[in-house]
Amino acid sequence: MSQSIYLDVCTLSRPFDEQHYLRIRLETEALNLILSKVKKGDYRLLISTAHTKEIEAIPDVFERIELQTLLERLGEPVKVNLTKTRERAEELVELGFGIADAAHVAFAEQSRAQFISCDDILIKKCRNHDIKVWCGNPVSFCEREGLK
């Protein structure tokens, strides 16, 4: 069975950010590489209700529809105990995580999926609070997994 990964919305939205910054271009390319591996079945892209809510709030119609279509095509809904996930998200909020970030991290943890984000502050919080799954940015994930 392929490994599970969980990409937060800031990562999924990376291709819609200003690409003239090297870091953003690198993260966009890493995301595209990861998604190509999902298409091949090397990884399972898990999605949650947190994705749906956050993407519905994106003001740019094109970006919103592109992300919704991407998740419909490639994503698999997480299968977790929602009560435990909510309790964990509430714990993370108490530790200073934002509500959406806490939900994403809790879903990743409960589904034992590697958590990928482009948000340095969120990744640092995850590392400081001993999140139970690997956390990092798309470039780090590609390096760690030896993706080419």
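Structure first, text after, so check above.
Residues numbered from 1 in each chain as written. Predicted model: local features only at pLDDT ≥ 70, side-chain atom pairs only at ≥ 80, totals over all residues. Heavy atoms only, no water.

Caption draft 1: Looking closely at the overall build of the chain. Assigned secondary structure in the chain consists of 8 helices and 5 strands. Among the 148 residues that make up the chain, the fraction classed as buried is 47%. Look at the contacts in the chain between residues 6 or more apart in sequence, and 66% of them connect residues 24 or more apart. A distance of 5 Å separates the average location of the 21 positive side-chain charges in the chain from that of its 24 negative side-chain charges. (Helix = DSSP H or I, 4+ residues; strand = E, 2+ residues; numbered from the N terminus. Buried < 20%, exposed > 50% of the residue type's maximum accessible area, 1.4 Å probe, protein only. Contact = heavy atoms within 4.5 Å. Lys, Arg positive; Asp, Glu negative; His and termini not counted. Charge placed at Lys NZ, Arg CZ, Asp CG, Glu CD.)

Caption draft 2: Main features of the pattern of salt bridges. Here the structure, examined in full by the defined rule, presents 8 salt bridges. D17 is paired through a salt bridge with R14; the nearest N and O atoms lie 2.7 Å apart. A relative accessible area of 28% means that D17 is categorised as partly exposed. The class for R14 is buried, based on a relative accessible area of 11%. Put simply, R23 and D120 hold a salt bridge, and the shortest N to O gap is 2.7 Å. Here the residue R23 occupies a position in helix 2 (residues 22-40), and D120 occupies one in helix 7 (residues 120-128), the gap between them amounting to 97 residues. Of the residues examined, R23 reaches a relative accessible area of 35% and is grouped as partly exposed. Judged by its relative accessible area of 42%, D120 falls in the partly exposed class. Overlapping salt bridges, with partners in common, bring together R14, D17, R23, E27 and D120 in one network. (Salt bridge = Lys/Arg side-chain N within 4 Å of Asp/Glu carboxyl O.)

Caption draft 3: Inspection of the sheet that holds strand 4 (residues 114-116) at higher detail. Spatially, 5 strands are ordered 3-2-1-4-5 in an open sheet, and the strand pairing comes out parallel. The two strands at the open ends of the sheet, each matched to only one other strand, are strand 3 (75-77) and strand 5 (135-136). When strand 2 (residues 43-47) meets strand 3, the two strands line up parallel, connected through 3 bridges. Bridge assignment links L45 to a residue of strand 3, and that residue is G75. This element, helix 8 (residues 138-145), spans strand 1 (3-7), strand 2, strand 4 and strand 5 of the sheet and lies at about 140 degrees to strand 4. (Pairing = 2+ DSSP bridges. Axes fitted to C-alpha atoms, helices over the stretch in contact; angles between N-to-C directions.)

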